[in-house]
Amino acid sequence: TFGAVASVPLLIAGTVRGMLIVGLRHTKSWSERDQALARAVGRGLSLALERSERVRQTEETARAQDAFMALTEAVGTQTSVLALAEQAIEVLQAHLPGATASFQVPDGELWKARAWSRNLSEVLVALITAGVPGTHPVIAQMVREQRPVFVDQWEPAPEYQVAASELSWTVAAYPLTVGGEVLGMLSVGLPQARAWQK
């Protein structure tokens, strides 16, 4: 169909984020003029992508700041732990794009979710609302040490029977401790296999 084809990279901060493919039907070679035109269009698209990315990052930062301010104000006036947990989940999602989060409380031998982020799948919501055993290594360590636990390479228990596409590969558990007793847990999961930054 085409006599000559060109592939022009679309760059954002030196990283290829897309590709413009141009085909010529009636020639088998690129003239300097046509090459210059394809490169100019590619540069224009790269600039548009870069502007779009800056706008997206600015909007994400503004959302994160708004969510954090709302939580800070609520801490001084809100008496419902569940309401504060829901706001904390919003803050985490605003600061960690793609993250999932939930607030769980102990119920006998299980830890059951009372609040969770909207991006959790129905399968995971069913799992965490039914309850995760307190013997789970992350939960057990958090309760034992009464401090946050961060796991960079989390591997779920086989009995969870959750599809790999629905899992978070980097997780953290933060305890809600009152009077030396862990009364709740805020858990966070990131879908990418990456390490937590200190």
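Note: the structure precedes this text.
Keep in mind that this is a model prediction, so the values were computed, not measured.

Further remarks concern the pairing of strand β8 (residues 181-190). Of all 10 residues in β8, 8 are buried; the element is thus mostly enclosed. Where strand β3 (residues 100-107) and β8 come together, 5 bridges link them in antiparallel fashion. Bridging across to β8, Ala101 finds its partner in Val188.

Attention shifts here to helix α2 (residues 81-95). Taking 1.5 Å per residue, 15 residues should reach 21 Å; α2 reaches 21 Å between its end C-alpha atoms and fits that length. By the burial criterion, the buried members of α2 are Ala85, Ala88, Ile89, Val91 and Ala94.

A few words now on the sheet that holds strand β5 (residues 132-133). Overall, antiparallel pairing links the 6 strands, which are arranged β5-β4-β3-β8-β7-β6 in an open sheet. A strand with exactly one partner marks an edge of an open sheet, and here the two such strands are β5 and β6 (149-151). Sheet topology note: the strand β7 (residues 170-178)/β8 ladder contains 9 bridges and is antiparallel. Residue pairing across strands places Ala172 opposite Val188, the latter belonging to β8. Packed on one face of the sheet, helix α3 (residues 122-130) meets β3, β4 (110-116) and β5 and runs near 130° to β4.

A grouping of Phe2, Val5, Met19 and Ile21 is seen on the molecular surface, where their side chains present a nonpolar patch of about 430 Å² in accessible area. Its place among the elements puts Met19 in strand β2 (residues 15-24).

Here we come to helix α4 (residues 137-145). One turn of the α-helix equals 3.6 residues, which is why residues spaced by three or four share an orientation. Looking at α4, one finds that the buried residues are Val138, Ile139 and Met142. The arc that holds every buried residue of α4, seen down its axis, measures 95°, which confines them to one face. The exposed set on the far side of α4, more than 90 degrees from its buried face, consists of Pro137 and Arg144. Considering only its buried residues, α4 is in contact with β4, β5, β6, β7 and β8.

Rules of the game
- Residues numbered from 1 in each chain as written.
- Predicted model: local features only at pLDDT ≥ 70, side-chain atom pairs only at ≥ 80, totals over all residues.
- Heavy atoms only, no water.
- Buried < 20%, exposed > 50% of the residue type's maximum accessible area, 1.4 Å probe, protein only.
- Helix = DSSP H or I, 4+ residues; strand = E, 2+ residues; numbered from the N terminus.
- Pairing = 2+ DSSP bridges.
- Expected span 1.5 Å × (residues − 1).
- Contact = heavy atoms within 4.5 Å.
- Axes fitted to C-alpha atoms, helices over the stretch in contact; angles between N-to-C directions.
- Patch = residues over 30% accessible without salt bridge, like charges linked within 9 Å, V, L, I, M, F, W, Y side chains within 5 Å.
- Areas by Shrake-Rupley, 256 points an atom, 1.4 Å probe, with all protein chains shown as cover.
- Salt bridge = Lys/Arg side-chain N within 4 Å of Asp/Glu carboxyl O.
- Arc of directions from axis to C-beta.

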